[in-house]
Amino acid sequence: MPVFVILIVLSLSFYVFYKIKFFQAKKPMEKQWISTKSSIALGLFVFFFGLNQLFLFRSTVSLIVGIIFILIGAGSSWAGYKAYKHYYPLAVKEAEESR
């Protein structure tokens, strides 16, 4: 399905973008905050890849692999979101203090 391919490429692009920003960041909380965003993007990449597997191939192995990828991707995105909510106020506070 072309929709999943677009979502896979987009989430992979965001992952690479945030990883580059991670290495450019100087402040520790800002680095952690950016790292959580890249974790969310990587989780979405794995999730959409698993969804694509379910629709692309109709074998038992691809069904199992797709379900595993969906579960891992959803868990990684959820954990990244929880970490994002934790680090965002700390990164804002760090940015305000450095002014």
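Let us look at the structure shown here. (Residues numbered from 1 in each chain as written. Predicted model: local features only at pLDDT ≥ 70, side-chain atom pairs only at ≥ 80, totals over all residues. Heavy atoms only, no water.)

### Concerning the packing of aromatic side chains
Evaluation of the coordinates by the stated rule reveals ten aromatic pairs. Aromatic pair F14 and Y18: ring centres 6.1 Å apart, planes at 20°, arrangement stacked. Placement of the pair is F14 and Y18 together in helix α1 (residues 2-24), with a separation of four residues, close to one helical turn. Overall, F14 belongs to the partly exposed group, its relative accessible area being 39%. Ring centres of W33 and Y88 lie 5.7 Å apart, and the angle between their planes is 45°; on these two criteria the pair is classed as tilted. Pair noted here: W33 is in helix α2 (residues 28-56) and Y88 is in helix α3 (residues 60-97), with a separation of 55 residues, a long-range link. According to the relative accessible area criterion, Y88 is partly exposed, its value standing at 40%. Through a chain of ring-to-ring contacts, the aromatic side chains of F14, F17 and Y18 assemble into a single cluster. Sitting over the ring of F22, K19 keeps its end group 5.0 Å from the ring centre. (Phe/Tyr/Trp six-rings, centres within 6.5 Å; stacked < 30°, edge-to-face > 60°. Helix = DSSP H or I, 4+ residues; strand = E, 2+ residues; numbered from the N terminus. Buried < 20%, exposed > 50% of the residue type's maximum accessible area, 1.4 Å probe, protein only. Lys NZ or Arg CZ within 6 Å of the ring centre and 35° of its normal.)

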